[in-house]
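# Results of the structural survey
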Amino acid sequence: MPASTILLIDTDPAFSETISSVLSGLGYSVTAQPDPDAAFAQAATHQLVIIDVVGERSGADVCREIRATASMAPIPVLCVSQTDEVEERIRFLEAGADDVMARPFDARELEARVEALLLRFQRSKDQRATVSSDGITVTRKRRTVAVHSPKGGVGTSTVAVNVAMAAAQRKPDQVVIVDLDLQFGQVATHLNIDPAQTLADVVREDAAMREPELLRTYATKHDSGLHVLAAPTGPELADLITADHIDRILDTLLDTYDQVVVDTGTWLDERTLRSFEHAESVLFVVNPEIAALKSMTALIEYLGEAGTVAPKSTFVLNNTFGREILKLRDVEAGLGTKVAIELPYDPFLYLKAVNEGVPIVLGAPRSVAAERLTKLSSLAFAADGVVVPQEASERKSGGRFSLRRR
Ligand SMILES: Nc1ncnc2c1ncn2[C@@H]1O[C@H](COP(=O)(O)OP(=O)(O)O)[C@@H](O)[C@H]1O
Ligand SMILES: [Mg+2]
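These notes cover the structure that comes with them. Since the structure is predicted, the reported quantities are computational estimates derived from the model, not experimental observations.

All right, on to the overall build of the chain then. Of the regular secondary structure elements, the chain holds 18 helices and 15 strands. Of all 406 residues assigned to the chain, the portion counted as buried reaches 39%. Considering only contacts in the chain between residues 6 or more positions apart, those separated by 24 or more positions represent 71%.

Right, dumping it as structure tokens:
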């Protein structure tokens, strides 16, 4: 995990030197600061703080001060105890240390503890918990929602477009849908618009990825108030867009739009994974059929290794067939988790919506499908007073890819 910045508060120059060189050797960038008072001001800009302090102020005091400051509360703190006595360890833990390491320790232990803390911290950051000024942990507003399926034709774009449209109805001109199904994206078709510019044009102008207002001019405005950043016009242009571009575009969009929906299509590559990283909520669409279910479980298995997508995943079962092939409970058993929303089959509604380019939530707002899609949009953005379960309850559900259960 290179490039993480670590603040080392160490009053002993020799120990400071040793710890710094071990961590630098692992690719971390280390700021060594022997003075605990001076260090205090630097802590907030680092990703991890190591406290190894002897003298009049104990390490536990320094730790307690960091913990008492709301802006620093989410930063992981590793304390070095000078003995391996239980009392000293407890003093550190009571002061709010996330981990304690007793002297003497070797380089491998230091490496393992630092890595584990950074990983834990990254996870909780991915869940977007922030600390408000009064020190109370709140779940950050959900602003980016990604929609994905490892299999085509299951309704990914239908879900993405309707979720975005329902959001735009709540907030006209403040919601954008980004078509990152880069080769053959059909968001524009679903909306019957003819974009003058696409993502291929955006990435040609460096400033557009940096300047929110300029980026906005690349979006096509739908009459409803939904804005669209369209996919390139052909597969030959898809490769122009890199994972780095996606990072910059999704970041910059949040400076000018309130909410972003990303149709990531079916292709899993670094670009899709970056979109998942940006999203606070990832909707996975599956239909009740063995191949779709198998590819979804393979994807879950794959993503499970990284561990950051699972807690923000929501499954949508889209009944694209007139006959029941797999039951809801078979699908849930296969996925190993609950389906949040089931979309009903309809022989005409969805087809008509695509053919006419009028999403269901606009064209047939009273249909069950529209009702469910609107609910899904609220759920994904945690809008309209939808209660978002806290991290702890998400964890409780158990299993490797443990997800929210409703
Ligand atoms: N629940 C459903 N019942 C019937 N047809 C559906 C349903 N959901 C989607 N469709 C149709 O399936 C086709 C594929 O949908 P689309 O959203 O473009 O899928 P994807 O983006 O996954 O390829 C479209 O013609 C759409 O109208
Ligand atoms: Mg699609």
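Still to come is the rest of the account.
With respect to the helices, strands and loops of the structure, aspartate 84 is situated in the loop between strand 4 (77–81) and helix 4 (86–94). Note: C-alpha distance between aspartate 84 and alanine 102 (18 residues apart in sequence) is 5.2 Å.

Before going further, it helps to spend a moment on the packing of helix 6 (residues 156–170) against helix 17 (residues 368–380). Running from N to C, helix 6 and helix 17 cross one another at 75 degrees; their axes reach a closest spacing of 8 Å. In terms of orientation, helix 6 and helix 17 fall into the roughly perpendicular class. Across from Asn162, Val163, Ala166 and Ala167 in helix 6, the residues of helix 17 making contact are Leu373, Thr374, Leu376, Ser377 and Ala380. Looking at the contact of helix 6 with helix 17 residue by residue, the classes come out as six nonpolar, three polar and no charged.

Within the structure, ligand 1 sits among 18 residues, and Gly155, Thr156, Ser157, Thr158 and Tyr350 are positioned closest to it. Every element with two or more residues in the shell around ligand 1 is listed here: helix 6 and helix 15 (349–356). Of the residues assigned to the shell around ligand 1, the class counts are six nonpolar, eleven polar and one charged.

Here helix 6 is 15 residues long and its end C-alpha atoms lie 21 Å apart, about the 21 Å a rise of 1.5 Å per residue gives. Judged by how many residues are buried, helix 6 sits mostly within the fold: 13 of 15 residues are covered.

The next thing to look at is the pairing of strand 11 (residues 226–229). Where burial is concerned, the two faces of strand 11 agree: the one with Leu226 and Val228 and the one with His227 and Leu229 are both buried. Where strand 9 (residues 175–179) meets strand 11, four bridges bridge the pair, whose relative direction is parallel. Looking at the pairing, valine 176 lines up with histidine 227 of strand 11. Where strand 10 (residues 220–221) and strand 11 come together, two bridges link them in antiparallel fashion. Each bridged residue has a counterpart across the sheet, and for lysine 221 the counterpart in strand 11 is histidine 227. Count of turn residues in the strand 10/strand 11 antiparallel hairpin: four residues, of which glycine 225 carries a positive phi of about 105 degrees.

Attention now goes to the sheet that holds strand 10. Strand order across the open sheet formed by eight strands is 10-11-9-12-8-13-14-15, with mixed pairing between neighbours. Looking at the sheet topology across the chains shown, the edges are occupied by strand 10 and strand 15 (341–343).

Attention now moves to the nonpolar core. One finds Val163 and Ala164 to be the most contacted residues of the largest nonpolar core, which totals 77 residues. Tallying contributions element by element places helix 6 first for this core, with nine residues. Not counting residues up to four positions away in its chain, the partners in contact with valine 163 are Val145, Val147, Val261, Leu373, Leu376, Ser377 and Ala380. Of all hydrophobic cores here, the second largest spans 31 residues; its members include Val30, Leu48, Ile51 and Ile66.

What follows covers the sheet that holds strand 4. Read from one edge of the open sheet, five strands run 2-1-3-4-5, paired in parallel fashion. Lying at the two open borders of the sheet, with one neighbouring strand each, are strand 2 (29–33) and strand 5 (99–102). Averaged over all adjacent pairs, the angle separating strand axes in this sheet is 20 degrees, with direction ignored. Strand direction decides the pairing type here: strand 4 and strand 5, joined by four bridges, are parallel. Bridge assignment links leucine 78 to a residue of strand 5, and that residue is aspartate 99. Where helix 1 (residues 13–25) meets the sheet, it contacts strand 1 (5–10), strand 2 and strand 3 (48–52), and its direction lies at approximately 165 degrees from that of strand 1. Strands strand 1, strand 3 and strand 4 of the sheet are contacted by helix 3 (residues 59–68), whose axis makes an angle of about 155 degrees with strand 3.

Further remarks concern the packing of helix 11 (residues 243–253) against helix 12 (residues 270–278). Two elements in contact, helix 11 and helix 12, have axes separated by 8 Å at closest approach and are oriented at 25 degrees. Classed by the angle they form, the pair helix 11 and helix 12 counts as roughly parallel. For the element pair helix 11 and helix 12, the recorded crossing hand is right-handed. Contact with helix 11, carried on its side by Ala243, Ile246, Asp247 and Leu250, involves Glu270, Arg271, Arg274, Ser275 and His278 of helix 12 and no other residues of that element. A class-by-class count of the residues in the contact of helix 11 with helix 12 yields three nonpolar, two polar and four charged.

Tracing the backbone shows aspartate 346 in the loop between strand 15 and helix 15. Measuring from C-alpha to C-alpha, the distance between aspartate 346 and threonine 320 comes to 7.7 Å, with 26 residues separating the pair along the chain.

Since there are 3.6 residues in each turn of an α-helix, residues three or four apart along the chain are aligned in direction. Taking 1.5 Å as the rise per residue, helix 1 with 13 residues should run 18 Å; its terminal C-alpha atoms sit 18 Å apart, in good agreement. Glycine 27, located one to two residues past helix 1, shows a positive phi value of around 100 degrees.

Let us now look at the environment of threonine 233. By the secondary structure assignment, threonine 233 is in the loop between strand 11 and helix 10 (235–238). Threonine 233 gets classed as partly exposed once you count the C-beta atoms within 10 Å, which come to 13. Expressed as a C-alpha distance, the spacing of threonine 233 and glutamine 183, which sit 50 residues apart in the sequence, is 8.0 Å.

Here we take up the pairing of strand 3. In terms of residue burial, strand 3 counts as a mostly covered element, since five of its five residues are buried. Examined bridge by bridge, strand 1 and strand 3 share five bridges and lie parallel to one another. Across the sheet, the residue bridging to leucine 7 is valine 49, located in strand 3.

Procedures and definitions
- Residues numbered from 1 in each chain as written.
- Chains lettered and ligands numbered in written order.
- Predicted model: local features only at pLDDT ≥ 70, side-chain atom pairs only at ≥ 80, totals over all residues.
- Helix = DSSP H or I, 4+ residues; strand = E, 2+ residues; numbered from the N terminus.
- Buried ≥ 20, exposed ≤ 12 C-beta atoms within 10 Å, placed from the backbone.
- Contact = placed C-beta atoms within 7 Å.
- Axes fitted to C-alpha atoms, helices over the stretch in contact; angles between N-to-C directions.
- Parallel < 35°, antiparallel > 145°, perpendicular 65-115°, else oblique.
- Nonpolar A, V, L, I, M, F, W, Y, C, P; charged D, E, K, R; others polar.
- Near = placed C-beta within 6 Å.
- Expected span 1.5 Å × (residues − 1).
- Pairing = 2+ DSSP bridges.
- Core = buried A, V, L, I, M, F, W, Y, C linked by C-beta atoms within 7 Å.
- Left-handed = near helix turned anticlockwise from the far one by under 90°.

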